[in-house]
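# A structural walkthrough
Single-letter residue listing:
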Amino acid sequence: MDSQTVSRHTVTPDAPTAGTLKPNALGVLGILFFVLSAQAPLTGIAGAAPIAVALGNGPGVPAAYLVAGLVILLFSVGFVAMGRHVVDAGAFYTYIGKGLGRTTGTGSAGLALFAYCTIQAAMYGLYGSIVGGLVASHTGLDLPWWVWTLATMAVVQALGAAGVEMGARVLAVLVLAEFSILSVFALVTLVKGGGPEGLGLADSFAPAAALDGAPGVAVMFAVASMFGFEATAIYGEEAREPRKTVPRATYLAVVVVTGFFALTSWMLISSYGASQATAAAGKALEGGDGAGFVFAPIAAQFGGWVGDVLPVLLATSLFAGILTFHNSANRYLFSLGRDRLLPRRMCGLNRRRAPWAAGCVQTALAVLLVMPFALAGKDPVLTLFSWFSGVAVLAMMLLYLLTSVSVVVFFRRERLDARPWNTLIAPGLGALGIAGAIWLILANFTTLIGGERGTAVWLTLSVPVVMALGLVAARVRGRGVAADGG
């Protein structure tokens, strides 16, 4: 069996077929911007770094990002190897189905949708809170957070329907803005030799520093910050030369994201001094302004105007992530419709060959997830953002684990790739690392969601429940398709 036979959907630029997304729409950089948007760099640094420093291993947090990056890189080796033989917008469920069976694959599609929709809903909560605060402080117009969230849902729906190229252009502008200011801060601090205690290389990267305190908490938040890199494969159908573009974009994304988070967190700690960083992060969290731990040294480096710009960039960072997860989720819905696992109407395309029907459903799901919190008067940051971001990370890590196992099983059976490192050793090591990350997440889940133990329990249980429901639905749907002669 050759790779052409295994590929689910092969699209040529000269002959796009019905039910296929627009081919040759994205290059390596276009896909990279989608991935960086999913990571929401400023949100990841401002949201996760203060908690990881205060509650994790203090100045050893940058080493935790390197560990997380190594695990993701090992996972990516098998992920890329599978991607050379399978090109489909429903990347995870297609990959898992190829190795572990169609039923398991389809069940995992429900889990992937759950992960993407909950992380998007979480970001909507934080976004609405930040935008509402910005508008109120600058104009005096004080509206509920959910008003801004609903308005943004309409904008995201419109951009998603405008086509993947338009989304890539918007994301490029937003991501470059936040990425640039953080990168310039890190590089300037590095060139200046760090803060009051110097660069503190050993304080952040020596084994003793990495293992100090609660390193599991730091690694957990570092892994959570990597969420979204797998979007490279989701855009395989829309990529130019996907068997070259997707691997390049995947490896580039992992290296860039890991380097960015490790360097930026290192320079943040250096700017305070390794001996003072943990206390500074704890003080910022106690004052209810964790982002201040990040914003203060940047403002000290570039001037007070940064204090006005960074909150705006934090809002645009969230918007970029929201748009990316909208595109990811609607492509899963599209792929499930094309495979007759959802109604065929789900794979409807507009004149820009964008999945407009799936996009409408995805937006409706976002409304259904967000509005109960609004109607109940819940705090969008302490509940919607904290709860859903935690459960989404747990669901996604389970998908990573299933995919790694599937890669090994697939290549042992099909023998399409004889390279042991790519098809056995790296995926196996990646699976072990991901299993360890899942254990850390479960052990520290209450910290991750910032909630009570009871809340942590039912949120944790929601992940296997969704997977089980997906498996049941897959079996029922499979019998229906077989009875119809499909």
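Please read all numbers here as calculations on a predicted model, not as lab measurements.

A tally of helices and strands in the chain yields 21 helices and zero strands. A burial count over the chain gives 58% of its 486 residues as buried. The long-range share in the chain, meaning contacts at least 24 apart out of those at least 6 apart in sequence, stands at 83%. When the accessible area of the chain is evaluated, it comes to approximately 18,300 Å², of which 67% is carbon and sulfur surface.

With that out of the way, let us pick up the packing of aromatic side chains. Applying the stated criterion across every chain, the model contains 15 aromatic pairs. Between Tyr 65 and Phe 261 the ring centres are 5.3 Å apart and the planes differ by 10°, which places this aromatic pair in the stacked class. Within this pair, whereas Tyr 65 is found in helix α4 (residues 61–83), its partner Phe 261 is found in helix α13 (residues 242–272), the two being separated by 196 residues in sequence. Since its relative accessible area comes to 1%, Tyr 65 is described here as buried. Overall, the relative accessible area of 1% leaves Phe 261 in the buried class. Ring centres of Tyr 127 and Phe 319 lie 6.5 Å apart, and the angle between their planes is 40°; on these two criteria the pair is classed as tilted. With Tyr 127 in helix α6 (residues 102–139) and Phe 319 in helix α16 (residues 305–338), this pair connects stretches of sequence that are 192 residues apart. Ring-pair connections join several aromatic residues into one group, and the members of that group are Tyr 65, Phe 179, Phe 260 and Phe 261.

Next up on the list: the nonpolar core. Counting 141 residues, the largest nonpolar core has Tyr 65, Phe 92, Phe 227, Met 397 and Tyr 400 as the members making the most contacts within it. Tallying contributions element by element places α6 first for this core, with 19 residues.

The subject of this paragraph is the packing of helix α11 (residues 215–225) against helix α19 (residues 420–443). Axis angle and axis distance: for two packed helices, these are the angle between their axes and the distance between the axes, and together they describe the pair. Their axes nearest at 9 Å, the elements α11 and α19 cross at an angle of 110°. In this view, α11 runs roughly perpendicular relative to α19, as classed from their interaxial angle. Where α11 crosses over α19, the handedness of that crossing is left-handed. Facing α11, whose interface residues are Gly 216, Val 219, Met 220 and Val 223, α19 presents Ala 437, Leu 440 and Ile 441. A class-by-class count of the residues in the contact of α11 with α19 yields six nonpolar, one polar and no charged.

A separate point is the packing of helix α18 (residues 380–414) against α19. Closest axis-to-axis distance for the α18/α19 pair is 9 Å, and the angle between their directions is 160°. By the angle between their directions, the pair α18 and α19 is classed as roughly antiparallel. As α18 runs across α19, the sense of the crossing is left-handed. Across from Val 393, Leu 394, Met 397, Leu 398, Tyr 400, Leu 401, Ser 404, Val 407, Val 408, Phe 411 and Arg 412 in α18, the residues of α19 making contact are Thr 423, Leu 424, Pro 427, Gly 428, Gly 430, Ala 431, Ile 434, Ala 435, Ala 437, Ile 438, Ile 441 and Leu 442. Taken together, the residues of the contact of α18 with α19 break down into 18 nonpolar, four polar and one charged.

This next bit is on helix α17 (residues 356–375). Taking 1.5 Å per residue as the helical rise, α17 with its 20 residues ought to reach 28 Å, and the 28 Å between its terminal C-alpha atoms agrees with that figure. Within α17 the residues assigned to the buried category are Ala 357, Ala 358, Gly 359, Gln 362, Thr 363, Ala 366, Val 370, Met 371, Phe 373 and Ala 374. On its buried face, α17 is in contact with α6, α7 (145–161), α16 and α18. Looking at the residues trailing α17, positive phi occurs at Gly 377, about 70°.

Our next topic: unusual backbone geometry. In this structure, Arg 415 takes a positive phi of about 55° despite not being glycine. Tracing the sequence through the fold places Arg 415 in the loop between α18 and α19. On the basis of relative accessibility, which here comes to 60%, the residue Arg 415 falls in the exposed class.

As a further point, take a nonpolar patch on the surface. Taken together, Trp 421, Leu 424, Ile 425, Leu 429 and Leu 432 make up a surface patch of nonpolar side chains, about 480 Å² in accessible area. With respect to the helices, strands and loops of the structure, Ile 425 is situated in helix α19. On the accessibility criterion, Ile 425 (40% relative accessible area) is partly exposed.

With that settled, the discussion passes to the pattern of salt bridges. A side chain with one charge may pair with a side chain of the opposite charge, provided their charged atoms come close. Here the structure, examined in full by the defined rule, presents two salt bridges. With a closest N to O distance of 3.4 Å, Glu 414 and Arg 413 form a salt bridge. Of the residues examined, Arg 413 reaches a relative accessible area of 45% and is grouped as partly exposed. Residue Asp 417 is joined to Arg 419 by a salt bridge in which the shortest nitrogen-to-oxygen separation is 2.6 Å. Asp 417 gets classed as buried once you look at its relative accessible area, which sits at 10%. For Arg 419, a relative accessible area of 37% translates into the label partly exposed.

Look at helix α3 (residues 41–55): 21 Å from first C-alpha to last across 15 residues, which is about the 21 Å you get at 1.5 Å a residue. The largest bend in α3 amounts to roughly 35° and is located at Ala 48, with the proline Pro 50 lying one to four residues further along. In terms of burial, α3 is a largely internal element, eleven of the 15 residues being buried. Those residues of α3 that sit buried are Pro 41, Leu 42, Thr 43, Gly 44, Ile 45, Ala 46, Ala 48, Ala 49, Pro 50, Ala 52 and Val 53.

Bringing the environment of Gly 107 into the picture now. Here Gly 107 lies in helix α6. On the accessibility criterion, Gly 107 (0% relative accessible area) is buried. In this structure Gly 107 touches Met 467, Gly 470, Leu 471 and Ala 474, once residues within four positions along its chain are discounted.

Overall, the predicted model of the chain reaches an average pLDDT of 83, with 87% of residues at or above 70. The model gives residues 1–18 a pLDDT under 50, and that stretch makes 38 contacts with residues more than four places away or in other chains.

Glancing now at the side chain of Ser 386. One can find Ser 386 in helix α18. On the basis of relative accessibility, which here comes to 13%, the residue Ser 386 falls in the buried class. Within the structure, Ser 386 has its side chain in polar contact with the backbone oxygen of Val 381 (distance 2.9 Å). Leave out the neighbours within four places in its chain, and Ser 386 touches Val 381, Leu 448 and Ile 449.

What counts, and where the lines are drawn
- Residues numbered from 1 in each chain as written.
- Predicted model: local features only at pLDDT ≥ 70, side-chain atom pairs only at ≥ 80, totals over all residues.
- Heavy atoms only, no water.
- Helix = DSSP H or I, 4+ residues; strand = E, 2+ residues; numbered from the N terminus.
- Buried < 20%, exposed > 50% of the residue type's maximum accessible area, 1.4 Å probe, protein only.
- Contact = heavy atoms within 4.5 Å.
- Areas by Shrake-Rupley, 256 points an atom, 1.4 Å probe, with all protein chains shown as cover.
- Phe/Tyr/Trp six-rings, centres within 6.5 Å; stacked < 30°, edge-to-face > 60°.
- Core = buried A, V, L, I, M, F, W, Y, C linked by side-chain atoms within 4.5 Å.
- Axes fitted to C-alpha atoms, helices over the stretch in contact; angles between N-to-C directions.
- Parallel < 35°, antiparallel > 145°, perpendicular 65-115°, else oblique.
- Left-handed = near helix turned anticlockwise from the far one by under 90°.
- Nonpolar A, V, L, I, M, F, W, Y, C, P; charged D, E, K, R; others polar.
- Expected span 1.5 Å × (residues − 1).
- Patch = residues over 30% accessible without salt bridge, like charges linked within 9 Å, V, L, I, M, F, W, Y side chains within 5 Å.
- Salt bridge = Lys/Arg side-chain N within 4 Å of Asp/Glu carboxyl O.
- Bend = angle between axes of the 7 residues up to and from the residue.
- pLDDT = per-residue confidence, 0-100.
- Polar contact = N/O pair within 3.5 Å; in protein donor to acceptor, adjacent residues only side chain to side chain.

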